[in-house]
Every structure is written in C-alpha cells, then in structure tokens.
Amino acid sequence: MKKFDFALIVTTALGVAACNNSNQDQVNNVELNQPSVDMLNEQANEAAMDAAITATADNQVAADVNASASVPETSSDDQEQNVSGM
C-alpha cells in the first residue's frame, strides 16, 4: 500500500508541475498589452487640460450671461415724473 501511495503522490506532483508551464505565454501577452507609464501620464495630463479648458469656457459663458443680465434699463423722464406725481 505504501508503494501505491507514493506512486500516486509522484504522479499527482508531476501532473501539477506539467500544468504550470503553459501560463508564461499568457503572462507575456498581458505584459505586451499594458500601456507604458509615460503614456498613461500623458493621457491623464491631456484629460486634465481638456477639463480645465472646458471649465474656463463654461465660466466665460456664465460671466457673459451675468453681464448681459445685470445691465440696468434706463428710465425715461416720463416714468420719473409718473413716480413723483404719486
């Protein structure tokens, strides 16, 4: 029985060891498909600049709307005379 157990353990160990060698190709493929750190930094900087430009443009539009809305209407003499007569 001890010889059978030993043979079973050795066979199982060899089977597990044989399965482990095929993953290196997958690891290499994953490493090839990863972008470089410099590329990621460049894309992040571009996105930040785009967001800043958009925010600046939105702020300018809001300032233009506020400036046009805050222009007071000039009152005419007729309106002033009407108020003073009350």
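Residues numbered from 1 in each chain as written. Predicted model: local features only at pLDDT ≥ 70, side-chain atom pairs only at ≥ 80, totals over all residues. Heavy atoms only, no water.

J.: Got a sec to walk through the overall build of the chain? Specific residues and values, please.
T.: In terms of helices and strands, the chain carries four helices and zero strands. Along the chain direction, N to C, the helices and strands of the chain fall in the order α-α-α-α. The buried share of the chain, taken over its 86 residues, is 0%. Summing over all exposed atoms, the chain offers an accessible surface of approximately 8,000 Å²; the carbon and sulfur share of this is 59%. (Helix = DSSP H or I, 4+ residues; strand = E, 2+ residues; numbered from the N terminus. Buried < 20%, exposed > 50% of the residue type's maximum accessible area, 1.4 Å probe, protein only. Areas by Shrake-Rupley, 256 points an atom, 1.4 Å probe, with all protein chains shown as cover.)

J.: Could you give an account of the confidence of the model for the chain, with specific residues and numbers?
T.: In low-pLDDT segments, the atomic positions of the prediction should not be examined closely. In this model, the chain carries a mean pLDDT of 78, and residues with pLDDT of at least 70 account for 72%. When mean pLDDT is taken per element in the chain, helix H3 (residues 37–69) scores highest with 87 and helix H4 (residues 77–84) scores lowest with 62. (pLDDT = per-residue confidence, 0-100.)

J.: Kindly report on a nonpolar patch on the surface, identifying the contributing residues and their values.
T.: Taken together, the side chains of Met1, Phe4 and Leu8 present a nonpolar region at the surface, about 390 Å² in accessible area. Of note, Phe4 is situated in helix H1 (residues 2–19). Its relative accessible area of 54% is what places Phe4 among the exposed residues. (Patch = residues over 30% accessible without salt bridge, like charges linked within 9 Å, V, L, I, M, F, W, Y side chains within 5 Å. Salt bridge = Lys/Arg side-chain N within 4 Å of Asp/Glu carboxyl O.)

J.: Which residues make up H1, and what values go with them?
T.: Because each turn of an α-helix spans 3.6 residues, side chains separated by three or four positions in sequence point in the same direction. Between the first and last C-alpha of H1 there are 26 Å, a value that for 18 residues agrees with the 26 Å anticipated at 1.5 Å per step. Counting buried residues along H1, only zero of its 18 residues qualify, which leaves the element largely exposed. (Expected span 1.5 Å × (residues − 1).)

J.: Tell me about a negative patch on the surface, and please be specific about residues and values.
T.: A surface patch of negative charge is lined by Asp38, Glu42, Glu46 and Asp50. For Glu46, the position within the fold is in helix H3. By relative accessible area, Glu46 is classed as partly exposed at 44%. (Lys, Arg positive; Asp, Glu negative; His and termini not counted. Charge placed at Lys NZ, Arg CZ, Asp CG, Glu CD.)

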